[in-house]
Amino acid sequence: MKLYCLSGHPTLPCNVLKFKSTTIMLDCGLDTTSVLNFLPLPLVHSPRLSKLPGWIPKDGTMNLEKELKECAGRVFVDSQPEFCLPERELLDLSTIDVILISNYHCMMALPYITEHTGFTGTVYATEPTLQIGRLLMEELVNFMERVPKAQSATSWKNKDMQRMLPGPLKDAVDVWTWKRCYGMQEVNSALSRVQLVGYSQKVELFGAVQVSPLSSGYSLGSSNWIIQSHHEKVAYVSGSSLLTTHPQPMDQSSLKNSDVLILTGLTQMPTANPDGMLGEFCSNLAMTIRAGGNVLVPCYSSGVIYDLLECLYQFIDSANLGTTPFYFISPVANSSLEFSQIFAEWLCHNKQSKVYLPEPPFPHAELIQTNKLKHYPSIHGDFSSDFRQPCVVFTGHPSLRFGDVVHFMELWGKSGLNTIIFTEPDFSYLDALAPYQPLAMKCVYCPIDTRLNFHQVAKLLKEVQPLHVVCPEQYTQPPMTQSHRSDLMLELQPPPMPYRRCSVLNLPFRRRYERVYILPELAQSLVPTEVKPGVSIATVSAVLHSKDNKHTLQSVPKPPPVPPTKKRKRVMEEPPVAPKPLLSGAVPLEAFLATLQKHGITEVKVEETADGHILHLQAEDTLIQLEEDGTHIVCDNNEPLRTTLRDLVLRFLQKL
């Protein structure tokens, strides 16, 4: 069993498991942190960005002024943002049989994997994962296509040139493999391969293994996966949460008795309590509005935003924010808000029960009805006529490199009354803000990450007790910024097996058993013999038939009758060779010595060994080794004696 690791990002995994002749990809996360190296894409022409000076090296050897721009001491690429893809050279992606998706954040690289690689397999995901994943992909494509860039910067990627660049461009990994965003045609083609599954539904893969999704408690439809054969079990845990938020709670009991547990997607903010962050979010938002400023919340169009809106719904009246407009701007804003209300069976019990009242499970429906929350596809059109300040705007993208958020950064960045509140943990807020510096607006960092922290994982692993744990190497050491915090790492016995991008792990377990079926007519012909109380054995002569990883014992076919010929020849039919009988039992030492004595063999020297006894027949110069699993008679040039001794041994054994 092998594990190929195609992504180095612990919360955006992409691994391939080779297990019992099947090749299974576990998630295909897209590392979008690479976009922080690019200049923002403004929806409206930005004089500030267009006037940024080109970067000129001190020695003047490279001419990259058109590709690289300097802003507040940092150098950025002036081109369409590009993404860091999962590794595509480590193994042939066309050999992948299935892709298992755990949540909608971990499927954003799917079009890069399924299109243009020769992939012909199936993708399995839950319905909310597919539908919300489609929205996030649509939004990403829309953000990119709305602001096309005429030029494409490639010269800076040259290895010799990159070495000369200032950090962080100098340290960027595998830049020559970075790719621009896919188009809607590729998205539709990739998603047409998805087959929907429900929690605990068992899916057979070629008769070899069975895969089954379990609720992971992190987001709508998010799953952990069980991959098992008749005798082995692998658990894949990715993006799970034990907190009580809107999704169904995590199914922990089904993870028990795993031979290997692959662990990814832990919290990126182990020291930040989500409840505390929500409180801080609300209080900073209220302070800014009361002071007459605007609040900008860069966020994804699904996920934490549902919890933020629910929190604000409870907070608005007590904080006297009843008249403050809330705007949600995204090309998929309407679909996202509606989808969250219709996936009732994927929600926690509390929200499920509201559907039967009937009440919408999420309170943002009421915010929309009362006109407190308005949603728009973009800043153009209706929004510009409805827009009034001070207000709160939820919009994407959290990287601040594309989407409507770029416009608000340019619009509100110069005033100290306004506040930007970061709630998504995927990007460093300092790097996100870098191309907008110098910035007057206040910045608040409230990362809300509900995924498992190290304390919760340690408790979970104690309960489910897998034999082996595999995890990203980042989890086996404390964070670089807090090297003294040994509580921010996995400490297990035996230690977990760490992986990094491009590593191939031989997982430490061997398949020892295989299930074989026996046909009824063959079973009927068996004659069991009891070898000890409650245990019977029968010998069988059969043909082993293997097809689609299913093994069956069938009766040996009878030879076809010989066709008669004109010349009568006497055909000598060879009788079928009967199999040698199997022997079971043990030879008791005292009784065997007494039998030897009866047959005139009296000079016997007995020597005890680790496995049994050695009998030295001194007069006959013969050795008899009596062991638990076999008996050996060593006798030179005395065939009658050897035969006699063999027959005496056989008296004590049972023939099967």
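Calculation notes
Residue positions are given per chain, counted from 1 along the sequence in the order it is written. Local features in this predicted model are restricted to residues whose pLDDT is 70 or higher, and side-chain atom pairs enter the listing and the counts only when it is 80 or higher, whereas totals over whole chains, interfaces and linings include all residues. To obtain the side-chain values, all non-hydrogen atoms of the structure were used and water was disregarded. Residue ranges assigned to each domain were obtained from an automatic or database domain assignment. Contact criterion: two residues are considered in contact whenever any of their non-hydrogen atoms come within 4.5 Å of each other. Buried area is a sum: the accessible area each of two parts loses on coming together, probed at 1.4 Å, counted once for each and added. One speaks of a salt bridge when a side-chain nitrogen belonging to Lys or Arg is within 4 Å of a carboxyl oxygen belonging to Asp or Glu. Strands here mean DSSP runs of E at least two residues long; helices mean DSSP runs of H or I at least four residues long; both are numbered from the N terminus. Each residue is assigned to one class: nonpolar for Ala, Val, Leu, Ile, Met, Phe, Trp, Tyr, Cys and Pro, charged for Asp, Glu, Lys and Arg, and polar for all the others, Gly among them. Throughout this description, buried means an accessible area under 20% of the type-specific maximum (1.4 Å probe, protein chains only), exposed means over 50%, and partly exposed covers the range between. In this description, strands pair whenever DSSP reports at least two bridges between them. Only buried Ala, Val, Leu, Ile, Met, Phe, Trp, Tyr and Cys residues count toward a nonpolar core, and they belong to the same one when joined by side-chain atoms within 4.5 Å. UniProt positions are given in the numbering used here, feature names are shortened, and annotations may be inferred rather than shown by experiment. Between the N-to-C directions of two axes lies an angle of 0 to 180 degrees, each axis being a line fitted to C-alpha atoms and, for a helix, fitted only over the stretch in contact. Any angle between 65 and 115 degrees counts as roughly perpendicular, while under 35 counts as roughly parallel, over 145 as roughly antiparallel, and the rest as oblique. A crossing counts as left-handed when the near helix is turned anticlockwise from the far one by less than a right angle, and as right-handed when that turn is clockwise. Here, a disulfide means two cysteine sulfur atoms that sit within 2.5 Å of each other. Here a polar contact means two N or O atoms within 3.5 Å. Within protein one must be a hydrogen donor candidate and the other an acceptor candidate, and residues neighboring in sequence count only if both atoms are side-chain atoms.

**Q** Help me understand the domain arrangement of the chain in this model?
**A** When its domains are assigned, the chain resolves into domain 1 (2–35 + 51–266 + 453–506), domain 2 (274–445) and domain 3 (583–655). Summarising the inter-unit geometry, the C-alpha centres of domain 1 and domain 2 are found 26 Å apart. Counting from both sides, the interface comprises 36 residues of domain 1 and, opposite them, 37 residues of domain 2. Carbon and sulfur atoms supply 70% of the area buried between domain 1 and domain 2, which totals about 2,900 Å² over both sides. On the domain 1 side of the contact with domain 2, Leu135, Phe143 and His246 bury the most area, a combined 22% of that side's loss. Taken together, domain 1 and domain 2 are joined by 2 salt bridges. We note a salt bridge from Asp431 to Arg74, for which the minimum N-O separation is 3.3 Å. Breaking the side of domain 1 that touches domain 2 down by element, the ones donating at least two residues are β5 (74–77) and α3 (127–146). The residue inventory of the side of domain 1 that touches domain 2, partitioned by class, reads 20 nonpolar, 11 polar and 5 charged.

**Q** I'm lost on the pattern of salt bridges in this one. Help?
**A** Two side chains bearing opposite charge may form a pair once their charged atoms approach each other closely. Under the definition given, this model contains 17 salt bridges. For the salt bridge of Asp160 with Arg163, the shortest nitrogen-to-oxygen distance reads 3.5 Å. Of this pair, Asp160 and Arg163 both sit in helix α4 (residues 159–164), 3 residues apart, which is roughly one turn of the helix. The shortest N-O distance in the salt bridge between Arg501 and Asp174 comes to 3.3 Å. Within this pair, whereas Arg501 is found in the loop between β21 (497–499) and β22 (504–506), its partner Asp174 is found in the loop between α4 and α5 (184–191), the two being separated by 327 residues in sequence. Across the pair, exposure class does not vary: Arg501 and Asp174 are buried alike. A network of salt bridges, in which partner residues are shared, links Glu87, Asp174 and Arg501.

**Q** Looking at this structure, how should I read the pairing of strand β10 (residues 209–215)?
**A** The side chains of a regular strand alternate between the sheet's two faces. By the criterion of burial, β10 is predominantly enclosed, with 6 of the 7 residues buried. Where strand β9 (residues 203–205) lies against β10, 3 bridges are found, and the strand directions are antiparallel. Bridge pairing in β10 places Leu205 opposite Val209. Bridging between β10 and strand β11 (residues 223–228) involves 6 bridges; their strand directions are antiparallel. Counted as the bridge partner of Pro213 is Trp225 from β11.

**Q** Would you mind going over the nonpolar core with me for this structure?
**A** Side chains of nonpolar character tend, in soluble globular proteins, to be buried together. One finds Met25, Phe83, Ile99, Leu110, Phe281 and Phe394 to be the most contacted residues of the largest nonpolar core, which totals 110 residues. With 9 residues, α3 is the largest single contributor of residues to this core. Here this core spans two domains, since at least three of its residues come from each of domain 1 (2–35 + 51–266 + 453–506) and domain 2 (274–445). If you look at the next biggest cluster of nonpolar residues, it comprises 26 residues, including Leu100, Tyr124, Leu205 and Val209.

**Q** What is the right way to read the UniProt feature "domain: Beta-Casp" (unreviewed entry) in the chain from this model?
**A** When the UniProt feature table is mapped onto this chain numbering, "domain: Beta-Casp" (unreviewed entry) sits at residues 305–433. Counting secondary structure, residues 305–433 comes out at 40% helix and 12% strand; the distance between its end C-alpha atoms is 21 Å.

**Q** Any chance you could explain helix α8 (residues 333–342) here in plain terms?
**A** Each full turn of the α-helix corresponds to 3.6 residues, which orients residues three or four apart in the same direction. Along α8, the residues classified as buried are Ala333, Ser336, Leu337, Phe339, Ser340 and Gln341. The elements touched by buried residues of α8 are α3, α7 (304–315), β15 (326–329), α10 (364–369) and β16 (373–376).

**Q** I would appreciate a short explanation of the packing of helix α6 (residues 274–290) against α7 in the present structure.
**A** The packing of two helices is summarised by the inter-axis angle and the distance between the axes. One way to put it is that α6 packs onto α7 with a least axis distance of 11 Å and a crossing angle of 60°. Between α6 and α7, the angle is such that the two are oblique. Seen from above, α6 lies across α7 with right-handed handedness. Here α6 contributes Leu278, Phe281, Cys282, Ser283, Leu285 and Ala286 to the contact with α7, which in turn contributes Leu308, Cys311, Leu312 and Phe315.

**Q** How should I be thinking about the sheet that holds β11 in this particular structure?
**A** What links the strands of a sheet is backbone hydrogen bonding, and the strands pair in either a parallel or an antiparallel sense. Spatial ordering of the open sheet is given by β9-β10-β11-β12-β13-β20-β21, a layout of 7 strands whose pairing is mixed. On the outer flanks of this sheet lie β9 and β21, each paired with one strand and no other. On average, each strand axis in the sheet is inclined to that of its neighbour by 20°, with strand direction left out of account.

**Q** What am I meant to see in helix α12 (residues 405–412) here?
**A** Counting buried positions over the 8 residues of α12 gives 6, a clear majority of the element. Within the span of α12, buried status applies to Val405, Val406, Phe408, Met409, Glu410 and Trp412.

**Q** What is the right way to look at the state of the cysteines in this model?
**A** Formally, a disulfide is one covalent bond, and it connects the sulfur atom of one cysteine to the sulfur atom of another. Applying the stated criterion across every chain yields a total of 0 disulfides. Looking at Cys348, it has no disulfide partner, and the nearest cysteine sulfur is the one in Cys311, 15 Å off.

**Q** I'm lost on the packing of α3 against α5 in this one. Help?
**A** In the contact formed by α3 and α5, the axes pass within 10 Å of each other and the chain directions differ by 165°. What the angle tells us is that α3 and α5 run roughly antiparallel. For α3 against α5, the interelement crossing comes out right-handed. Seen from α3, the contacting residues are Leu130, Arg134, Met137, Glu138 and Val141; seen from α5, they are Met184, Val187, Asn188 and Leu191. In the contact of α3 with α5, the residues fall into 6 nonpolar, 1 polar and 2 charged.

**Q** In this structure, what is going on with the environment of Phe143? I would like to understand it.
**A** Among the secondary structure elements, Phe143 is positioned in helix α3. Since its relative accessible area comes to 1%, Phe143 is described here as buried. Linking Phe143 and Glu603, residues 460 residues apart in sequence, is a C-alpha distance of 97 Å. For Phe143, the contacting residues outside a window of four places in its chain are Pro331, Gly396, His397, Phe402, Gly403 and Asp404.

**Q** Would you take a moment to explain the side chain of Ser241 for this structure?
**A** When you line up the elements, Ser241 lands in the loop between β12 (233–238) and β13 (260–264). Taking relative accessible area as the criterion, Ser241 reaches 1% and is therefore assigned buried. Polar contacts involving the side chain of Ser241 include one to the main-chain carbonyl oxygen of Thr450, which spans 2.7 Å.

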